[in-house]
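Now for the letters of each chain:
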Amino acid sequence: MKEEQAKKHIHLILGYSGLLLIGLAIFRNLSVVKDHVGYGFLTFGSLFLIVYFNFADDRIGATRKEKAFY
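Residues numbered from 1 in each chain as written. Predicted model: local features only at pLDDT ≥ 70, side-chain atom pairs only at ≥ 80, totals over all residues. Heavy atoms only, no water.

Some points on the overall build of the protein
How we decide: Numbering of helices and strands runs from the N terminus; a helix is a DSSP stretch of H or I covering at least four residues, while a strand is a stretch of E covering at least two. Computed with a 1.4 Å probe, the accessible areas rest on the Shrake-Rupley method; for each residue, only the protein chains presented here act as cover.
Counting its secondary structure elements, the protein contains three helices and zero strands. Its helices and strands taken in sequence order, the protein reads α-α-α from the N to the C terminus. In the structure as shown, the protein presents an accessible area of about 5900 Å², 69% of it carried by carbon and sulfur atoms.

Re the confidence of the model for the protein
Rules: Looking at any residue, its pLDDT shows the predictor's confidence there, from 0 to 100.
Counting all residues, the mean pLDDT for the protein is 76, and 87% of those residues have values of 70 or more. The least confident element of the protein is helix α3 (residues 64-69), whose mean pLDDT is 65; the most confident is helix α1 (residues 2-33), at 79.

Quick notes on a nonpolar patch on the surface
Here is the rule we go by: The residues that make up patches have over 30% relative accessible area and no salt bridge, and they are joined within 9 Å when like-charged or within 5 Å when they are Val, Leu, Ile, Met, Phe, Trp or Tyr. Every case where a carboxyl oxygen of Asp or Glu lies within 4 Å of a side-chain nitrogen of Lys or Arg is listed as a salt bridge. Here's how the labels work: a residue is buried when its accessible area is under 20% of the maximum for its type, exposed when over 50%, partly exposed in between, all with a 1.4 Å probe on protein chains only.
Side chains of Leu20, Leu21 and Leu24 sit close together on the surface and give an oily, nonpolar patch of about 320 Å² of accessible area. Structurally, Leu24 is set in helix α1. Looking at Leu24, the relative accessible area reads 49%, which means it is partly exposed.

Some thoughts on the packing of α1 against helix α2 (residues 36-60)
Describing two packed helices takes the angle between their axes plus the distance from one axis to the other. As a reminder, the rule being used: Lines fitted to C-alpha atoms define the axes here, with helix axes fitted over just the stretch in contact, and angles between the N-to-C directions of these axes take values from 0 to 180 degrees. Orientation labels follow simple angle bins: below 35 degrees gives roughly parallel, above 145 gives roughly antiparallel, 65 to 115 gives roughly perpendicular, and whatever is left gives oblique. Every residue pair with non-hydrogen atoms within 4.5 Å of one another is taken to be in contact. When residue character is reported, Ala, Val, Leu, Ile, Met, Phe, Trp, Tyr, Cys and Pro are called nonpolar, Asp, Glu, Lys and Arg charged, and the others, Gly included, polar.
Two elements in contact, α1 and α2, have axes separated by 11 Å at closest approach and are oriented at 180°. Taken as axis vectors, α1 and α2 run roughly antiparallel relative to one another. Here Lys8, Leu12, Gly15, Tyr16, Leu19, Ile26, Phe27 and Leu30 of α1 come into contact with α2, specifically with Gly38, Tyr39, Leu42, Leu49, Phe53, Asn54, Asp57 and Ile60. Taken together, the residues that form the contact of α1 with α2 break down as 11 nonpolar, three polar and two charged.

Comments concerning α1
Stated precisely, the cut-off is as follows: What a helix should span is 1.5 Å times the count of its residues minus one.
Helix length check: α1 (32 residues) gives 46 Å between terminal C-alpha atoms against 46 Å at 1.5 Å per residue, within 8%. What α1 keeps buried is the set Lys8, Leu12, Gly15, Tyr16, Leu19 and Leu30. In the segment just after α1, Lys34 is the residue with positive phi, at about 55°.

As for α2
Here α2 contains 25 residues, and its C-alpha end-to-end distance of 36 Å stays within 8% of the 36 Å for a straight helix at 1.5 Å per residue. All of the buried residues in α2 are Gly38, Leu42, Phe53 and Asp57. Directly beyond the C-terminal end of α2, a positive phi value near 80° is found at Gly61.

Digging into the environment of Ile22
Among the secondary structure elements, Ile22 is positioned in helix α1. In this structure, the C-alpha to C-alpha distance between Ile22 and Ser46, residues 24 residues apart in sequence, is 9.4 Å.

Written as structure tokens, this is what we have:
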């Protein structure tokens, strides 16, 4: 059981870290390019990623406490 919990925590940490790094890279790129269409893509892409991560969290059985922590 502890192995399963540890595996779940690792996946949550990696997933949210990846989302954060992708977001930072996109913001950095858009701040240099100043592309207005890109801002729209960023907004909708971020929303879609957030929806996906919420879905994935539910599928792996993350609790509210775990979701708030990560």
